[in-house]
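As a plain string of letters, each chain reads:
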Amino acid sequence: MFSLRTATAEDAEALAELGRRTFFETFAKDNTQEDMARYLADTFSPALQRAELKDASVHFLLLLARGKLAGYAKLRPAAANARGQRPLEVCRFYVDRPWHGSGAAHALLEGALEHARANAHDDVWLAVWEHNVRAIRFYRKHGFTRVGEQPFQLGADVQTDWVLARPVTPEQSR
Ligand SMILES: CC(C)(COP(=O)(O)OP(=O)(O)OC[C@H]1O[C@@H](n2cnc3c(N)ncnc32)[C@H](O)[C@@H]1OP(=O)(O)O)[C@@H](O)C(=O)NCCC(=O)NCCS
């Protein structure tokens, strides 16, 4: 039911729309209208998305469900850290709401890990809002653990993100 492909310039509008809508659906209830409006305008316009798609250091992996866009991951190499020499950062990881709980997110994460393996990354990390319990549960069941925290600015509000990480290849299967 699910397939994956790399995004192209033609995907800019669809990615901007899905990113904007998913962010709003997930976080609007916990933030002010002003903070949300500012963040959405600063982050998800088609023009910004087009520029991100032109950035050769960034890889956008699309998840298709029955041929239609159902999610995406924004991936980019990160600086070496205490856990890895060649870490990969998952900068965004969004699955469209109708597909939550369907296994779509699992397929997307497997694709991201495959991308990491193919590009010789040894560690994968991401930042997730400390109160995003659904996402934290999802990452934990896929082997991520909390390794730190960092601030996240949403409009005028400074929030706390947890930093979660896992080896690309889990220890037990090495
Ligand atoms: C995060 C995301 C990719 C996870 O995908 P998903 O399909 O929802 O994940 P799953 O259903 O496989 O796993 C979620 C788990 O959280 C559990 N869960 C759901 N709501 C919960 C809640 N309020 N409190 C605690 N656990 C919750 C689910 O039961 C499930 O656990 P289980 O498999 O043990 O039953 C998806 O929800 C998403 O795109 N959300 C919006 C954007 C987002 O938050 N992205 C992450 C930013 S870092």
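About the thresholds
Residue numbers run consecutively from 1 along every chain, following the written order of its sequence. Totals for whole chains, interfaces and linings use every residue, but because this is a predicted model, local features are given only for residues with pLDDT of at least 70 and side-chain atom pairs only at 80 or more, for both listing and counting. Per the convention used, a helix needs a DSSP run of H or I reaching at least four residues, while a strand needs a run of E reaching at least two, with both numbered from the N terminus. Note on burial: count the other C-beta atoms lying within 10 Å of the residue's C-beta; 20 or more is buried, 12 or fewer is exposed, in between is partly exposed, and C-beta positions come from the backbone. Residues are scored as being in contact if the C-beta atoms we place from backbone atoms lie within 7 Å. Nearness here has a simple definition: the residue's C-beta atom, placed using the backbone, must lie within 6 Å of the molecule or strand. Just so you know the grouping, Ala, Val, Leu, Ile, Met, Phe, Trp, Tyr, Cys and Pro go in nonpolar, Asp, Glu, Lys and Arg go in charged, and all remaining residues, Gly too, go in polar. In this scheme, a helix's expected span is set at 1.5 Å multiplied by one less than its residue total. Here a strand pair is declared whenever DSSP counts at least two bridges between the two strands. Under the definition applied here, buried Ala, Val, Leu, Ile, Met, Phe, Trp, Tyr and Cys residues are grouped into a nonpolar core through C-beta atoms within 7 Å.

Observations concerning the overall build of the chain
Helix and strand counts for the chain stand at five helices and seven strands. Going from N to C terminus, the chain has its helices and strands arranged as β-α-α-α-β-β-β-α-β-α-β-β. Considered along the principal axes of its C-alpha atoms, the chain spans approximately 45 × 35 × 30 Å. When each of the 174 residues of the chain is scored for burial, the buried share is 28%. Taking the contacts inside the chain whose residues are at least 6 apart along the sequence as the reference set, 63% of them involve residues at least 24 apart.

Observations regarding the site of the ligand
Lining the immediate surroundings of the ligand are 18 residues, of which Val95, His100, Ala105, Ala135 and Arg137 lie closest. Elements supplying a minimum of two residues to the shell around the ligand: helix 1 (12–27), strand 4 (87–95), helix 4 (104–118), strand 5 (123–129) and helix 5 (133–141). In terms of residue count, the dominant contributor to the shell around the ligand is helix 5 (six residues). Of the residues assigned to the shell around the ligand, the class counts are 10 nonpolar, five polar and three charged.

Overview of helix 1
In this model helix 1 runs 22 Å from its N-terminal to its C-terminal C-alpha over 16 residues, within 8% of the 22 Å that 1.5 Å per residue would give. Those residues of helix 1 that fall on the buried side of the exposure criterion are Ala12, Leu15, Ala16, Leu18 and Gly19. In this fold, the buried residues of helix 1 make contact with helix 3 (46–54), strand 2 (59–65), strand 3 (68–77) and strand 4.

Thoughts on the pairing of strand 6 (residues 145–154)
Looking along a regular strand, one sees side chains alternate from face to face of the sheet. Taking burial as the measure, the 10 residues of strand 6 include zero buried ones, a minor fraction of the element. Summarising the sheet, strand 6 and strand 7 (residues 157–167) pair through nine bridges and their orientation is antiparallel. Bridging across to strand 7, Gln153 finds its partner in Val158. Linking strand 6 to strand 7, which pair antiparallel, is a turn of two residues; within it Gly155 sits at a positive phi near 65°.

Some remarks on the nonpolar core
Grouped burial of nonpolar side chains is what soluble globular proteins tend to show. One finds Leu61, Leu63, Tyr72, Ala73, Leu108 and Ala112 to be the most contacted residues of the largest nonpolar core, which totals 36 residues. Only helix 1, strand 2, strand 3, strand 4, helix 4, strand 5 and strand 7 provide two or more residues apiece to this core. Examining the composition of this core, we find that eight residues originate from one element, helix 4, more than from any other. Dropping the residues within four chain positions of it, Leu108 is found in contact with Leu61, Leu63, Gly71, Ala73 and Val95.

Digging into unusual backbone geometry
A positive phi is found at Arg66, a non-glycine position, where the angle reads about 50°. Positive phi, normally seen in glycine, also occurs at Ala120, with a value near 60°. Note that Ala120 resides in the loop between helix 4 and strand 5. Exposure remark for Ala120: the 10 C-beta atoms within 10 Å place this residue in the exposed category.

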